[in-house]
Amino acid sequence: MATSLSASFQIRFSASSLLSPHDLCHLSAHANGWKSSHMAESYKLGRTIQRSLRGSSVVSPMALAANRSQDTDDMYDDLFKKFGKVVYKSSDQKSPTAEVDDDAECLAFAVALAKIASDVKAADIKLLFVKPLVYWTKFFLITTAFSRPQIDAIRTRINDLAEKQYGKFATGDTKANSWTLLDFGDVVVHIFLPEQREIYNLEEFYANATLIELPFENQQRFGR
């Protein structure tokens, strides 16, 4: 269910939205079935998953070697004995109001990028609020194009708008790939060819993200 722009930031998430061991097993089994022709895209998805897991507050005991865990405990014990109890407060922590304002600015930027993609006839445009699920971005913009020239046109128009009107510059892919990624920090754009959109299915992987209702008509529907 899509969430309107005005209601998007009234939503709160619980830790239950994090990846479960069942999800990871499912992903691993699915990944083993991919052909070698998908190695580049598989690496890209793996990097996304790895970053997601690194931001998760849930760590499996199997993920850490026992001796490393013990070394970490010993280190903290030594620090506590030497300095006593230390209360740390981040100097760059934002107030709740500032955080909401920042999210609203990022949302406006993401919607502007979505509109540009729509103008270049991108299909099935989805804007997901993923901030509660990952630590490294706030929004995913997911679109489908039907040829590499169209991907390149979407990529170029998005970069032009971001640079000229918002002073933002993307990292990521510099040419049209079957999965082209543009990372603007708080907004990450994914442009897929139809086959890759279906294979990697980011909407299902981030099923607990909030779908943002876009304020324009999203005419073309992929797979409909």
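In the block above lies the structure referred to throughout.
Small disclaimer: the values here were computed from a predicted structure and weren't measured.

### Here's the deal with the pairing of strand E6 (residues 187–192)
By the criterion of burial, E6 is predominantly enclosed, with 6 of the 6 residues buried. As defined by bridge partners, strand E3 (residues 139–144) adjoins E6 across 6 bridges and the pair is classed as parallel. Bridging from a neighbouring strand, Thr-144 pairs with Phe-192 of E6. Note that strand E5 (residues 179–183) and E6 share 5 bridges and pair antiparallel. Bridging across to E6, Leu-182 finds its partner in Val-189. Taken together, E5 and the strand that follows it, E6, pair antiparallel across an intervening segment of 3 residues, in which Gly-185 is found at a positive phi of about 90 degrees.

### Comments concerning the packing of helix H4 (residues 96–119) against helix H5 (residues 148–166)
In a packed pair of helices, the relevant descriptors are the angle between the two axes and the axis-to-axis distance. With their axes 9 Å apart at the nearest point, H4 and H5 run at an angle of 145 degrees to one another. Of the two elements, H4 crosses H5, and the hand of that crossing is right-handed. Counting all contacts with H4, which are made through Ala-108, Phe-109, Ala-112, Leu-113, Ile-116, Ala-117 and Asp-119, the residues of H5 involved are Ile-154, Arg-157, Ile-158, Leu-161, Ala-162 and Tyr-166. Across the contact of H4 with H5, the residue classes tally to 11 nonpolar, no polar and 2 charged.

### With respect to the pairing of E5
A regular strand places its side chains so that they alternate between the two faces of the sheet. Taken across its 5 residues, E5 has 5 buried, putting it largely inside the fold. Here E5 shows a buried face lined by Trp-179, Leu-181 and Asp-183 and a second buried face lined by Thr-180 and Leu-182. Relative to E5, strand E4 (residues 171–172) is paired through 2 bridges, and the arrangement is antiparallel. Opposite Gly-172, over in E5, you have Leu-182 as the bridge partner. From the end of E4 to the start of E5, which pair antiparallel, there are 6 residues.

What counts, and at which threshold
- Residues numbered from 1 in each chain as written.
- Predicted model: local features only at pLDDT ≥ 70, side-chain atom pairs only at ≥ 80, totals over all residues.
- Heavy atoms only, no water.
- Buried < 20%, exposed > 50% of the residue type's maximum accessible area, 1.4 Å probe, protein only.
- Helix = DSSP H or I, 4+ residues; strand = E, 2+ residues; numbered from the N terminus.
- Pairing = 2+ DSSP bridges.
- Axes fitted to C-alpha atoms, helices over the stretch in contact; angles between N-to-C directions.
- Left-handed = near helix turned anticlockwise from the far one by under 90°.
- Contact = heavy atoms within 4.5 Å.
- Nonpolar A, V, L, I, M, F, W, Y, C, P; charged D, E, K, R; others polar.

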